[in-house]
Structures are given as structure tokens and as C-alpha cells.
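# Report on the structure
Residues per chain are reported as follows:
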Amino acid sequence: FEFLGQANTTIRVFFFCYVVIESTAHPRYGDHFTPLSDVLPSGYNILSAFGTSLRRGQTGRVGYSIIDDEIIIQWKGFMRLNTPTDDINFQMIFNQRDNSVRFVYGNMVNGDIYAILPQVGIRGGTIHDYSNLAVNSDASSWLEAQQGTSNQATCFFDQTILRSGTTVTYSP
């Protein structure tokens, strides 16, 4: 999979709902609740579909499949830390033909609108190389998302704003 113009050999999946894409193996650097804005060693390319302090719910799981030219990673039945009534479901789909990545969201339940909000976007090798979304609580849909003005931008969500089937696409 090519990401940011560089061929990569490794995709590391983290429960906190982001992945690290690497051209060479890096040591594990820990779990980060804010993957787009945390200071990490240079060279870590990050894709964050719902980067926050997520945990598996009682039936939560992460899985993957490869269908034709696509690698599909799915998070199902997740919740944010200390928010057991959340139900967070989404996929990251890597298209190896055109090197795009799609974040596709399933049914979502926000059990606490005041809990930590996710970071959504991509990040290159430094905290200054990012493209992310910002969704305010007064938005009627994630289709109204704005480009983030800092690497700390977050996205408000509930089941009316983040509808099943909502898709965010990043292309080279």
C-alpha cells in the first residue's frame, strides 16, 4: 500500500481506532488517545478513523479481510473509556489499486455527549503534516465537517449527526 508517496510493508492496527503504516518496522510506541496530535518519533504515518480512548464492549472485536484489491479493517462494538452505553462501529478500507483509504461508519450510539471526542484524519511523519476533520456540536451531519485548523481538531458525534454509511475518503 502506498501512503503519502511512499511504499509501505506494514499496517499496525491499534484498538484505539487508528492504524500506523510503515515502510520499515518501528518499535511499538505505546497507545495514544490523540493519535493525530501526540508527539511521536518521526516516520510514523497514522490514519485515524475514530482516534480516542476506545475499549471493546462486551461483544467488541476488531477484524480484517482482503477482498480483491481492498484491505478492510473493522471495529465493531466499541465504546469510549468510561462510557459503557456507547456502540461504535466503523471500517477502514485501503484500496491498493488507487492508494485511497475510506473510513466508513456504521450504526453509532453516543452514550455520553460530554465524553472525549475522536480525532479523524491522516498524519504524515510529523505532527505538522496532517489532514483532519472538525465537526462542531451544532452540525446536522458529518457531511458538514470542516477541515481541521489544528492537529487537535475533534469531531462531535451522535446517531443523528454521524449516520450509518457516512464515508470519509483520503486520496493521494
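Scroll up to find the structure.
Now for a description of the structure that goes with this document. (Residues numbered from 1 in each chain as written. Predicted model: local features only at pLDDT ≥ 70, side-chain atom pairs only at ≥ 80, totals over all residues. Heavy atoms only, no water.)

### Remarks on the overall build of the protein chain
When helices and strands are tallied, the protein chain shows zero helices and 13 strands. Each helix and strand of the protein chain, placed in order from N terminus to C terminus, yields the pattern β-β-β-β-β-β-β-β-β-β-β-β-β. Across its three principal axes, the protein chain shows a C-alpha extent of roughly 40 × 35 × 30 Å. When contacts within the protein chain are restricted to residue pairs at least 6 apart in sequence, long-range pairs at least 24 apart make up 53% of them. (Helix = DSSP H or I, 4+ residues; strand = E, 2+ residues; numbered from the N terminus. Contact = heavy atoms within 4.5 Å.)

### Examining the sheet that holds strand β9 (residues 100-105)
One open sheet accounts for five strands, arranged β6-β7-β8-β9-β13; its pairing is antiparallel. Each of the sheet's edge strands pairs with one partner strand only, and the pair in question is β6 (54-67) and β13 (167-170). Going across the sheet, the axis of each strand differs from the next one's by a mean of 15°, ignoring polarity. Here strand β7 (residues 70-80) pairs with strand β8 (residues 88-95) via seven bridges, running antiparallel. Among the inter-strand pairings, Q74 is bridged to a residue of β8, identified as Q91. (Pairing = 2+ DSSP bridges. Axes fitted to C-alpha atoms, helices over the stretch in contact; angles between N-to-C directions.)

### Notes on the packing of aromatic side chains
Going through the model one piece at a time under the given rule, you end up with six aromatic pairs. Centre to centre, the rings of F50 and F90 are 6.0 Å apart; their planes meet at 25°, and the pair counts as stacked. Of this pair, F50 sits in strand β5 (residues 45-51) while F90 sits in strand β8, placing them 40 residues apart in sequence. Residue F50 is classed as buried on the basis of its relative accessible area, which comes to 0%. (Phe/Tyr/Trp six-rings, centres within 6.5 Å; stacked < 30°, edge-to-face > 60°. Buried < 20%, exposed > 50% of the residue type's maximum accessible area, 1.4 Å probe, protein only.)

### Re the nonpolar core
L47, F50, F94, F103, Y105 and W142 are the most contacted members of the largest nonpolar core, which totals 32 residues. With six residues, the next largest nonpolar core counts V20, L40, Y44 and I46 among its residues. (Core = buried A, V, L, I, M, F, W, Y, C linked by side-chain atoms within 4.5 Å.)

### Description of the environment of F103
Tracing the backbone through its elements, the reader meets F103 in strand β9. Residue classification places F103 among the buried residues on the basis of a relative accessible area of 0%. When the C-alpha atoms of F103 and F50 are compared, they prove to be 9.0 Å apart, with 53 residues separating the residues in sequence. What F103 contacts, discounting residues up to four positions off in sequence, is L47, S48, A49, Q91, M92, V120, G121, T166, T167, V168 and Y170.

### So, the side chain of S100
Along the chain, S100 turns up in strand β9. Of note is the side chain of S100, whose polar atom sits 2.7 Å from the side chain of D98. Apart from the residues lying within four places of it in its own chain, the contact partners of S100 are F1, I93, F94, N95, Y170, S171 and P172. (Polar contact = N/O pair within 3.5 Å; in protein donor to acceptor, adjacent residues only side chain to side chain.)

### As for the environment of I11
Within the secondary structure, I11 is located in strand β3 (residues 10-14). Between the alpha carbons of I11 and F1 there is a distance of 9.0 Å; along the sequence they are 10 residues apart.

### Digging into the pattern of salt bridges
Using the criterion set out here, one finds three salt bridges in the structure. Between R97 and D69 there is a salt bridge, with its nearest N and O atoms 2.9 Å apart. One end of the pair, R97, is in the loop between β8 and β9; the other, D69, is in the loop between β6 and β7, and 28 residues separate them in sequence. Exposure remark for R97: the relative accessible area of 60% places this residue in the exposed category. E70 is paired through a salt bridge with R102; the nearest N and O atoms lie 3.0 Å apart. Taken as a pair, E70 in strand β7 and R102 in strand β9 lie far apart in primary sequence, 32 residues in all. Exposure remark for R102: the relative accessible area of 23% places this residue in the partly exposed category. (Salt bridge = Lys/Arg side-chain N within 4 Å of Asp/Glu carboxyl O.)

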